[in-house]
Structures are given as C-alpha cells and as structure tokens.
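Report on the structure
One letter stands for each residue in the lines below.
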Amino acid sequence: MKRVIATAALVVLAAAFVFAGGNKDTGAAKQLVVGANIYSFADNFMNGVMKPEFERYAVEKGVKIEIVDSEGQQAKLNDQVDVFITKKVNVLAINLVDPAAASAIIAKAKKANIPLVLFNKEATEAGAMASYDKVWYVGTNSAESGIIQGQMMVADWKANPAWDLNKDGVVQYVLLKGEPGHPDAEARTKESVKAFVDAGIKVQQLALEADPNWSTQHGNDKMAAWLTSSFGKDIELVICNNDGMAFGAINALKAAGKKLPLYGVDALDQALTHIADGEMNGTVLNDGVNQARATLDLAINAAKGLPVTEGTAWKLTTDGAKAVRVPYLPVTPKNYKDFQKK
Ligand code: GAL
Ligand code: CA
C-alpha cells in the first residue's frame, strides 16, 4: 500500500515537473528563459544582493534564469551574449562590465531581435539606448546616493565639532571612488563632496583612489597606505563610494588602532553590523532586491511582447532614458535596525 502511494506521489510530481516546463518535448507551455550575467561574481553587492534575489524571484515568477560571471571582462561578456543568442534565450538581462561598451551588446540583441534589459551599470554612450526599441535600463539615479551620503556627513560634521581635528574649519577627507567612468562612482564622488560646499563648509581632498572592482582589498590597501603617509594624521573623514571598500578601510583603521568618521553606500548586512558597532557612521541603501525584481519584471514582459511595466508597480522615466530608477535611502545609527533582516 505504502509503495502504491509513493508511486502515485511520484507520478504527481513528474506531472508537476512537466507542467512547470521541465519537459521540452511534450509541447506543453515552455518556460521562459532569461540569459543574464553579473559583471563580476567577486563584487559583494552584485553577487551578495542582486544575484540571490534574481534566483529567488525567477522561481517566484516561474521563469528560468541563467546567470554567468563576466569576470570583469567586457570581451568575455560579449562572447557570453553571443552564446545566449545562439541558445535562443527569450530575453537578455545584462550588467555591463564597461559602461561605455553598451552599443556592441545592444547591436547584438537588435540583430537577433531579442529584448534586452541592462541593469545596475548605466550606458554612458550617447544614443545607445535610442538605437534599439527593445532595450531598457533598471538601476538608480546615481546622483541621489551621493546627495544622501553628503547630507548625512554634513549633518554629522556639524553635530560633532571634535571631528575637525586641526580646528581649521576645513574637512580634510580621503575618498575611495570605485570604478572610474561608472556613473555611480562618478556621481557619488561629485555629489557627496558638493553637499559640504553647498552647506558652506570648506573641504580639502587629501587623497582619492579608484578601483574597477570596488573591493575590500583595495579599501584596506589604500587606507593602510594613507594612514602611514605624510598626511596620515591629518585625515578627518573617510568617504567610501561603496560598503565593500569601506570594510577594507575599517580593517586598516583597526589595524592602525585608529577610528575616523567613515561612510559607505549599499547598506550591505555587514555595514549594518559596523554601524551597530560604531565603526561606520552611515551608509545609503542601494536597493538591489528591488532592482533585481524590476529587471526581471521588465524582462518577462518584454519577452512576452507586453508593455514592459504592465502589471507592475514600476514606472519608466519620462526623460527618454527608458529607465526604471529605484530610490536610495539614508541608513544611519538611528534607523539601521529597520534595514536588518528580521
Ligand atoms: C554599485 C554598487 C557597488 C558596485 C557597483 C558595481 O551600484 O554600489 O558596490 O556593486 O555597483 O557596478
Ligand atoms: Ca580640519
């Protein structure tokens, strides 16, 4: 009897598998396939926040997503897109390695007549987005993160006169920039510092370093070098364009037995812990979960030939950028608990 039930259960399971599109030969509704990449699996925000949500949300939506690692090489990504096209995926969800190399990817998608959603790294070439009617972008308004980070730093600076170590009324800062040419890195660098200037506070940049990988190792190495440099004792503020680099800077500060005001962007779980421990003064939520959902929602609609935001809460910008921009939020010692996973 038991065996009969077990067999029956297996049959039901097998039927469910076919129904879900597991069997390609029956003519049953085929599961939609999304060909996707992450510019580098070594990036802790992309790999730790966006990739798992892509995988989870694809299951929720009943689609298949294949995510490959472009290992920080645009040439590799170009080849991966060719493979996806040969495999006849229904739609592409692409995280550019080089933001100035979108047109090559867009041209490939256009030639194959496959819709394309670019995400996280916005194309910087003028006219690239307009060159194909089936390409969209999902990301953020890059400047917003720098503005929010800048406003947090200005408020804290004003509230903590002791932070002006040499009492000259000027903020002596170092800045970990991230990937040069990346719209997020460029806008954050500009806007965070501009917030001080707009508030009438003078700033002096002691050092700035870029890193295409936005990595913790880079943050650690640069901060360690700065601390032992001729201006090491003059540093009053550490501005990090992402949390990954901030974690490295925190390590270097700890190793040197120092503590300085330090800010990041992304609001990774580890950043929330550093805020709780008083090792980080603030970060900015880069909402990768909603960026992943919006990317998949648009991709699925595009693959079905529907208007991309149909049946979703996402709104396309009206500026011709064909973009969905997910808002950033300030994360401070006062509100970080709201962002910790329950
Ligand atoms: C940014 C993020 C960085 C890094 C980068 C990669 O949005 O803040 O941590 O992941 O994207 O393109
Ligand atoms: Ca000063």
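Quick note: structure is the one above.
Residues numbered from 1 in each chain as written. Chains lettered and ligands numbered in written order. Predicted model: local features only at pLDDT ≥ 70, side-chain atom pairs only at ≥ 80, totals over all residues. Heavy atoms only, no water.

What follows covers the packing of aromatic side chains. Within this structure, the stated rule accounts for one aromatic pair. Ring geometry for Phe54 and Phe119: centres 5.0 Å apart, planes at 65°, overall edge-to-face. Taken as a pair, Phe54 in helix α2 (residues 44–61) and Phe119 in strand β4 (residues 116–119) lie far apart in primary sequence, 65 residues in all. Its relative accessible area of 1% is what places Phe54 among the buried residues. Assessed through its relative accessible area of 0%, Phe119 is described here as buried. Its end group placed over the ring of Tyr39, Lys121 keeps NZ or CZ at 4.0 Å from the ring centre. (Phe/Tyr/Trp six-rings, centres within 6.5 Å; stacked < 30°, edge-to-face > 60°. Helix = DSSP H or I, 4+ residues; strand = E, 2+ residues; numbered from the N terminus. Buried < 20%, exposed > 50% of the residue type's maximum accessible area, 1.4 Å probe, protein only. Lys NZ or Arg CZ within 6 Å of the ring centre and 35° of its normal.)

On to the sheet that holds strand β6 (residues 170–178). Spatial strand order, β7-β6-β8-β9: four strands in an open sheet with parallel pairing. Each edge of the open sheet is held by one strand with a lone partner, namely β7 (202–210) and β9 (262–263). Summarising the sheet, β6 and strand β8 (residues 237–240) pair through four bridges and their orientation is parallel. The residue of β8 that forms the bridge with Val174 is Val238. (Pairing = 2+ DSSP bridges.)

Computed from the structure, the largest pocket encloses a volume of approximately 400 Å³. Val49, Ala267, Asp269, Val289 and Lys341 are the residues nearest the centre of the largest pocket, which is lined by 21 residues in total. Mapped onto the lining of the largest pocket, the elements with two or more residues apiece are α2, α9 (269–276) and α10 (288–303). Taken together, domain 1 (31–140 + 288–327) and domain 2 (143–285) each give at least three residues to the lining of the largest pocket, which thus spans both. (1 Å grid on protein atoms, 1.4 Å probe; cavity = no way out; pocket = protein on both sides within 12 Å on 5 of 7 lines; lining within 4 Å. Points joined across faces, edges and corners; volume = space filled by probe spheres on them. Domains from an automatic or database assignment.)

Time to look at the site of ligand 1. What surrounds ligand 1 is a group of 13 residues, the closest being Asn120, His182, Asp184, Arg188 and Asp266. Within the contact set of ligand 1, an oxygen atom lies 3.1 Å away from a side-chain nitrogen or oxygen of Asn286. Protein contact buries 99% of the 310 Å² of open area that ligand 1 shows by itself. Judged by its atoms lying within 2 Å of the grid points, ligand 1 is housed in the largest cavity. If you list the elements that add at least two residues to the shell around ligand 1, you get α2 and α6 (183–198). (Near = heavy atom within 4 Å. Polar contact = N/O pair within 3.5 Å; in protein donor to acceptor, adjacent residues only side chain to side chain. Areas by Shrake-Rupley, 256 points an atom, 1.4 Å probe, with all protein chains shown as cover. Sits in = over half its atoms within 2 Å of the grid points.)

This paragraph deals with the packing of helix α7 (residues 216–227) against helix α8 (residues 243–255). As a packed pair, α7 and α8 sit with axes 6 Å apart at the nearest point and diverge in direction by 40°. Classified by the interaxial angle, the pair formed by α7 and α8 is oblique. Here α7 and α8 pass one another in a crossing that is right-handed. Together, Thr216, His218, Gly219, Asn220, Met223, Ala224 and Leu227 of α7 and Gly244, Met245, Phe247, Gly248, Ala249, Asn251, Ala252 and Leu253 of α8 make up the contact between the two elements. Per-class residue counts for the contact of α7 with α8 are eight nonpolar, seven polar and no charged. (Axes fitted to C-alpha atoms, helices over the stretch in contact; angles between N-to-C directions. Parallel < 35°, antiparallel > 145°, perpendicular 65-115°, else oblique. Left-handed = near helix turned anticlockwise from the far one by under 90°. Contact = heavy atoms within 4.5 Å. Nonpolar A, V, L, I, M, F, W, Y, C, P; charged D, E, K, R; others polar.)

Take it as geometry only, folks, not as evidence of what the structure does.
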